[in-house]
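# Topology and contacts: notes
This is what each chain is made of:
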Amino acid sequence: MSEEELLKWRREFPILEKAVYLISHSLGAMPRDTFSRLNEYAEMWATRGVRAWAEGWWDMPVTVGNDVAGIIGAERETVVMHQNVSICQSLILSCFEPTPKRNKIVYSELNFPSVMYVYEAHAREGKLRIETVPSDDGNTIDLDRFLAAIDEETLLVPFSHVLFKSGFLQNAKAITDRAHEVGAMVVLDAYQSAGTVPFSVKDLNVDFATGGSVKWLCGGPGAGYLYVRPDLHHTLRPKTTGWMAHEEPFAFETDLRYASGIRRFLHGSPAIPALYAAQSGYRIINEIGVERIREKSVRQTTRLIALAEDAGFSVTSPKSAADRGGTITIGHDDAAAITKELIRREFIVDYRPGAGVRISPHFYNTDEELELVIAEMKAIRDTGAYEKAGGAGAAF
Ligand SMILES: Cc1ncc(COP(=O)(O)O)c(C=O)c1O
């Protein structure tokens, strides 16, 4: 797909008409088609009523999971939809019983905090130990240090493929191979990579993967996904469970007989509207292909780094394209206030402490928008306009 063809997608994203939208690491732009999908949901409910469950709704966590499978290189029937990553992490952890010999969780201090909260909360019972691998610079994690922390006592390694704060791309293969070498399992958090960095959960041979649709998938909130390696479908018995995980849910038996296959990783009734809303984004990402998105992303993030440095800003995200996802971050003592002023001027970016201003072009952004955002940042800095904006950033 040529650059021109990619930019034709712009008309399918209404917000691009009104703002310079460079925040796809947080909330990707809404596809116009989502209006029709949500209308379809309402029509189905209004006209088919309870029959909607049998006419598609009940199966949606798996059928929609199949759309995500295409993006993350998974086989069909190996992905189910849940609300978010945090619940998926809890569900994964509930499949295991730590023993005194295998009770360690290894992750880095730059993991997404919500993921750490899940493991920390369970560790309070005393059956799990957490080893947190520190970062030297607050933006990257030394691979050898991370690998060295994974040992024979490690149960699970929940790690971010791309770090949310700095966009640093971790070596998922090396981490997975090391974990398997010592009999541990990995949970790949692909939230910041899926849809912008091509990968295959199958080729990486990860045990679990999870992510959501809010960011690069342009799918909106409430549509998290969980991939489980097929050979684990028949052995694991999640304790975070419910009637959708039962082999025959409508038999209403009092004992839980787990479904065979990926359905055993479901729990209660799914968030149907969120699943309708998310499908328009998946369709577009699948149609363009993540390889093509990455090609453009590498070109545009490289250009952004050059523009930012020429304007006298320091870039805190990795300089080498091979080490970063789709985001670049720009450090400045007043980055929070600069961000606030940018947003007031309809340049939609965000701020994270330690990293600075986060900027993420996606397949729908023009090169001109990159120039405009850096020029605006420079003007805000040079005129001191941010001083009026105040320090506290927006809550997103
Ligand atoms: C790497 C990563 N994991 C997880 C999340 C969000 O988790 P949840 O879906 O539980 O809200 C984010 C959101 O910013 C993220 O960047």
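Everything in this summary refers to the structure shown in the same document. (Residues numbered from 1 in each chain as written. Predicted model: local features only at pLDDT ≥ 70, side-chain atom pairs only at ≥ 80, totals over all residues. Heavy atoms only, no water.)

## So, the sheet that holds strand S10 (residues 328-331)
With respect to topology, four strands assemble into an open sheet ordered S9-S10-S13-S12, the strand pairing being antiparallel. The open sheet terminates on both sides in strands that have one partner only, identified here as strand S9 (314-315) and strand S12 (350-352). Pairing geometry for S9 and S10, over two bridges, is antiparallel. Bridge assignment links serine 314 to a residue of S10, and that residue is glycine 331. Sitting on the sheet, helix H11 (residues 290-310) is in contact with S9, S10 and strand S13 (356-359), with an inclination near 10 degrees to S10. (Pairing = 2+ DSSP bridges. Helix = DSSP H or I, 4+ residues; strand = E, 2+ residues; numbered from the N terminus. Contact = heavy atoms within 4.5 Å. Axes fitted to C-alpha atoms, helices over the stretch in contact; angles between N-to-C directions.)

## Details of the pairing of strand S2 (residues 79-82)
Residues of S2 alternate between two faces, with Val79 and Met81 on one and Val80 and His82 on the opposite face, all of them buried. Where S2 meets strand S8 (residues 224-228), four bridges bridge the pair, whose relative direction is antiparallel. Opposite valine 80, over in S8, you have leucine 226 as the bridge partner. (Buried < 20%, exposed > 50% of the residue type's maximum accessible area, 1.4 Å probe, protein only.)

## Remarks on the site of the ligand
Taken together, Asn84, Val85, Ser86, Phe112, Ser160, Phe164, Asp189, Tyr191, Gln192 and Lys215 are the residues near the ligand. Contact distances for the ligand include 2.5 Å between an oxygen atom and a side-chain N or O atom of serine 86. Here an oxygen atom of the ligand and a side-chain polar atom of glutamine 192 are 3.1 Å apart. Isolated, the ligand exposes 400 Å² of accessible area, and the fraction of that covered by the protein chains is 84%. Taken together, the residues that form the shell around the ligand break down as four nonpolar, four polar and two charged. (Near = heavy atom within 4 Å. Polar contact = N/O pair within 3.5 Å; in protein donor to acceptor, adjacent residues only side chain to side chain. Areas by Shrake-Rupley, 256 points an atom, 1.4 Å probe, with all protein chains shown as cover. Nonpolar A, V, L, I, M, F, W, Y, C, P; charged D, E, K, R; others polar.)

## Here we look at the sheet that holds strand S3 (residues 104-108)
Adjacent strands of a sheet pair through backbone hydrogen bonds, lying either parallel or antiparallel. Read across the open sheet, the seven strands follow the order S2-S8-S7-S6-S5-S3-S4; overall the sheet is mixed. The two strands at the open ends of the sheet, each matched to only one other strand, are S2 and strand S4 (129-133). In this sheet, neighbouring strand axes are inclined to one another by 20 degrees on average, regardless of whether the strands run parallel or antiparallel. Along the sheet, helix H4 (residues 60-72) makes contact with S2 and S8, crossing S2 at roughly 115 degrees. On top of the sheet, helix H6 (residues 113-123) reaches S3, S4, strand S5 (154-160) and strand S6 (185-189); it is set at about 155 degrees to S3, its chief contact.

## Some words on unusual backbone geometry
Trans is the prevailing form of peptide bonds, just as negative phi is the prevailing case for residues other than glycine. We note that asparagine 205 has phi near 65 degrees; this positive angle belongs to a residue other than glycine. Looking at the element boundaries, asparagine 205 is found in the loop between helix H9 (201-204) and strand S7 (208-211). In this structure asparagine 205 comes out as partly exposed when scored by relative accessible area, which is 35%. Positive phi outside glycine occurs at glutamate 346, with the angle close to 70 degrees. Mapping glutamate 346 onto the fold places it in the loop between helix H12 (335-344) and strand S11 (347-348).

## A short note on the packing of aromatic side chains
Under the criterion given, the structure shown has 16 aromatic pairs. Ring centres 5.8 Å apart and planes at 70 degrees place the aromatic pair phenylalanine 13 and phenylalanine 363 in the edge-to-face group. Here the residue phenylalanine 13 occupies a position in the loop between helix H1 (3-8) and strand S1 (20-21), and phenylalanine 363 occupies one in the loop between S13 and helix H13 (367-383), the gap between them amounting to 350 residues. Look at tryptophan 53 and tryptophan 58: their rings are 6.2 Å apart centre to centre, the planes differ by 70 degrees, and that puts the pair in the edge-to-face class. In this structure, lysine 215 is placed above the aromatic ring of tyrosine 191, and the distance from its NZ or CZ to the ring centre is 4.6 Å. For the cation-ring pair, arginine 381 lies above phenylalanine 313, with the distance from its terminal atom to the ring centre recorded as 4.4 Å. (Phe/Tyr/Trp six-rings, centres within 6.5 Å; stacked < 30°, edge-to-face > 60°. Lys NZ or Arg CZ within 6 Å of the ring centre and 35° of its normal.)

## Quick look at the nonpolar core
Judged by nonpolar contacts, the single largest core of 65 residues is most densely connected at Ile72, Leu188 and Phe363. Take this core: its biggest share by element is eight residues, from helix H10 (residues 272-288). Leave out the neighbours within four places in its chain, and phenylalanine 363 touches Leu6, Leu7, Trp9, Phe13, Ile284, Ile285, Ile288, Ile293 and Lys296. With 33 residues, the next largest nonpolar core counts Ile105, Met116, Met185 and Leu226 among its residues. (Core = buried A, V, L, I, M, F, W, Y, C linked by side-chain atoms within 4.5 Å.)

## Points about the pattern of salt bridges
One pass over the structure, following the stated rule, counts 33 salt bridges. The residue lysine 104 makes a salt bridge to aspartate 151 at a minimum N-O spacing of 3.0 Å. Residue lysine 104 is found in strand S3, and its partner aspartate 151 is found in the loop between helix H7 (143-149) and S5; the two are separated by 47 residues along the sequence. Classification of lysine 104 as buried rests on a relative accessible area of 4%. With a shortest N-O distance of 2.7 Å, arginine 178 and glutamate 181 are connected by a salt bridge. With arginine 178 and glutamate 181 both in helix H8 (residues 172-181) and three residues apart, the pair spans about one turn of that helix. Residue classification places arginine 178 among the partly exposed residues on the basis of a relative accessible area of 21%. Where salt bridges share partners, they join Glu3, Arg292, Glu295, Lys296, Arg299 and Asp367 into one cluster. (Salt bridge = Lys/Arg side-chain N within 4 Å of Asp/Glu carboxyl O.)

Everything listed is a geometric property; what it means functionally is a separate question.
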